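Listed here are the chains, written in short residue letters.
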Amino acid sequence: MLPEAMLKTVEVKHLLDSGKCEKINEAVQKVNLSRSAFYKYKDGIFPFHTMVKEKIITLSIHLEDRSGALSKLLSLIAQTGANVLTINQTIPLQGRATITLSIETAAMNADVTILLKKIEQLDSVVKVELIGSGT
């Protein structure tokens, strides 16, 4: 289901982590991936076993296009002790943007379900979905 570039990014990361390749250039050539594609996906793509160990979740949030809306969302996440690993925001269309967040939850002082409920309660949040979980 994932685009080929994302799958190859995982392969490159494995080659580098295992020591089979020492340099990024060498690893991307080995799996036939461009360096730019690797850098585009490297911080957002993790093997499933990494997600389980580090307790990474991915959320999709539909947010109204208001001043300070994203700031309030990120502040709420920080207050729980979670760490935002990646963030991607679409251009707002018809007054709404879609935010995709990958969050490391190991240090959270609350349960993920509580975090989701708190996010849903923000005025500017239209919808929140848990789209990936390693927990």
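Placed above this text is the structure.
The structure presented is a predicted model; accordingly, all values stated were derived computationally and were not measured. (Residues numbered from 1 in each chain as written. Predicted model: local features only at pLDDT ≥ 70, side-chain atom pairs only at ≥ 80, totals over all residues. Heavy atoms only, no water.)

### Observations regarding the sheet that holds strand 4 (residues 125-133)
The sheet built from four strands is open, its strands ordered 2-3-1-4 with antiparallel pairing. Among the strands making up the open sheet, the edge pair consists of strand 2 (83-89) and strand 4. Within this sheet the neighbouring strands show an average axis-to-axis angle of 20°, counted without direction. Here helix 6 (residues 112-121) sits on the sheet and contacts strand 1 (56-64) and strand 4; the angle it forms with strand 4, its principal contact strand, is near 155°. (Pairing = 2+ DSSP bridges. Helix = DSSP H or I, 4+ residues; strand = E, 2+ residues; numbered from the N terminus. Axes fitted to C-alpha atoms, helices over the stretch in contact; angles between N-to-C directions. Contact = heavy atoms within 4.5 Å.)

### Looking at the packing of helix 1 (residues 4-18) against helix 2 (residues 24-31)
For the pair helix 1 and helix 2, interaxial distance at closest approach is 9 Å and the crossing angle is 135°. Classified by the angle between their axes, helix 1 and helix 2 sit oblique to one another. Note on packing geometry: the crossing formed by helix 1 with helix 2 is right-handed. Of the residues in helix 2, those in contact with K8, E11, V12, L15 and L16 of helix 1 are I24, A27, V28, K30 and V31. Among the residues forming the contact of helix 1 with helix 2, the class breakdown is seven nonpolar, no polar and three charged. (Parallel < 35°, antiparallel > 145°, perpendicular 65-115°, else oblique. Left-handed = near helix turned anticlockwise from the far one by under 90°. Nonpolar A, V, L, I, M, F, W, Y, C, P; charged D, E, K, R; others polar.)

### A short note on the environment of T90
Relative to the elements of secondary structure, T90 occurs in the loop between strand 2 and strand 3 (96-104). By relative accessible area, which is 39% here, T90 ends up partly exposed. For the pair formed by T90 and N25, sequence separation is 65 residues and the distance between their alpha carbons is 30 Å. Sequence-distant contacts of T90, defined by excluding residues within four places in its chain, comprise A97 and T98. (Buried < 20%, exposed > 50% of the residue type's maximum accessible area, 1.4 Å probe, protein only.)

Distances and angles like these do not, on their own, reveal function.
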